[in-house]
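Inside the fold
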Amino acid sequence: MTGRDGSFVDMEALLNEIEGHLLVDAARAEARTAAAELTTGLGWLTEHQREEVARRFAERYLALSRASWQRTARRGEELRAQYETRYRQLRQRLLGWVLLGCALAFGTVLVALSAGQ
């Protein structure tokens, strides 16, 4: 797919960016809902104080969500690196066994051919 200026658009990156925006928007909605629930029970606050508490709560909620997402992303990267390393090791081991099997088969064929003459 190409953009308006004719350049190539990476669809996967575009979809990831859209998903990120949707996740942030959902987190903001959750923060607002949680803040409203919290401040509803604080009837002794003035309206201005209630709005300030709700705003601060929502900010903190989003900061905690962001930190959680970053920890999850870091852990995902660590796991990916571990799995890639393990996969590479297993692939090398398999290649070694396949080469050994081929060498043994070739040796067996040579022995059989030389014994048949």
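Since the model is a prediction, treat every value here as computed from it, not as a measurement.

**Comments concerning the overall build of the protein**
Tallying secondary structure elements over the protein gives two helices and zero strands in all. Each principal axis of the C-alpha distribution contributes one length, and for the protein these read about 105 × 40 × 15 Å. Sorting the 117 residues of the protein into buried and exposed places 8% on the buried side. Taking all contacts inside the protein whose residues are at least 6 apart in sequence as the whole, residues at least 24 apart take part in 36%. Only carbon and sulfur atoms are counted for the fraction: they give 61% of the accessible area of the protein, which is about 10100 Å². If you average the places of the 16 positive and of the 15 negative side-chain charges in the protein, the two averages end up 9 Å apart.

**Digging into helix 2 (residues 47-116)**
Spanning 70 residues, helix 2 covers 101 Å between terminal C-alpha atoms, matching the ideal 104 Å at 1.5 Å per step. Elements in contact with the buried residues of helix 2: helix 1 (11-40).

**Details of the side chain of Thr-39**
Within the secondary structure layout, Thr-39 lies in helix 1. Look past the residues within four positions of Thr-39 in its chain and what remains in contact with it is Arg-50, Val-53 and Ala-54.

**Overview of the packing of aromatic side chains**
A full pass over the atoms with the stated rule returns one aromatic pair. Aromatic side chains Phe-57 and Tyr-61 sit 6.3 Å apart centroid to centroid with 35° between the ring planes, which places their arrangement in the tilted category. One end of the pair is Phe-57 and the other is Tyr-61, both in helix 2 and four residues apart, which spans about a single turn. Given the relative accessible area of 29%, Phe-57 is considered partly exposed.

**Topic: helix 1**
Over its 30 residues, helix 1 runs 43 Å from end to end, which matches the ideal 44 Å to within 8%, given 1.5 Å per residue. Within helix 1, the full set of buried residues consists of Ala-27, Ala-31, Ala-35 and Thr-39. Each element contacted by the buried residues of helix 1 is listed here: helix 2. By the N-cap criterion, in which a side-chain oxygen at the helix start approaches the backbone nitrogen of a residue two or three places on, helix 1 is capped by Asp-10, the distance to Glu-12 being 3.3 Å.

**With respect to the layout of surface pockets**
Put simply, the largest pocket is a space of about 180 Å³. As for the largest pocket, its lining consists of Asn-16, Glu-19, Gly-20, Leu-23, Trp-69, Gln-70, Thr-72 and Ala-73. Mapped onto the lining of the largest pocket, the elements with two or more residues apiece are helix 1 and helix 2. Classifying every residue of the lining of the largest pocket by side-chain character gives three nonpolar, four polar and one charged.

**Brief notes about the environment of Arg-75**
Take Arg-75: it is sitting in helix 2. The class for Arg-75 is partly exposed, based on a relative accessible area of 41%. It is 18 Å that separates the C-alpha atoms of Arg-75 and Asn-16, two residues lying 59 residues apart in sequence.

Conventions adopted
Residues numbered from 1 in each chain as written. Predicted model: local features only at pLDDT ≥ 70, side-chain atom pairs only at ≥ 80, totals over all residues. Heavy atoms only, no water. Helix = DSSP H or I, 4+ residues; strand = E, 2+ residues; numbered from the N terminus. Buried < 20%, exposed > 50% of the residue type's maximum accessible area, 1.4 Å probe, protein only. Contact = heavy atoms within 4.5 Å. Areas by Shrake-Rupley, 256 points an atom, 1.4 Å probe, with all protein chains shown as cover. Lys, Arg positive; Asp, Glu negative; His and termini not counted. Charge placed at Lys NZ, Arg CZ, Asp CG, Glu CD. Expected span 1.5 Å × (residues − 1). Phe/Tyr/Trp six-rings, centres within 6.5 Å; stacked < 30°, edge-to-face > 60°. Polar contact = N/O pair within 3.5 Å; in protein donor to acceptor, adjacent residues only side chain to side chain. 1 Å grid on protein atoms, 1.4 Å probe; cavity = no way out; pocket = protein on both sides within 12 Å on 5 of 7 lines; lining within 4 Å. Points joined across faces, edges and corners; volume = space filled by probe spheres on them. Nonpolar A, V, L, I, M, F, W, Y, C, P; charged D, E, K, R; others polar.

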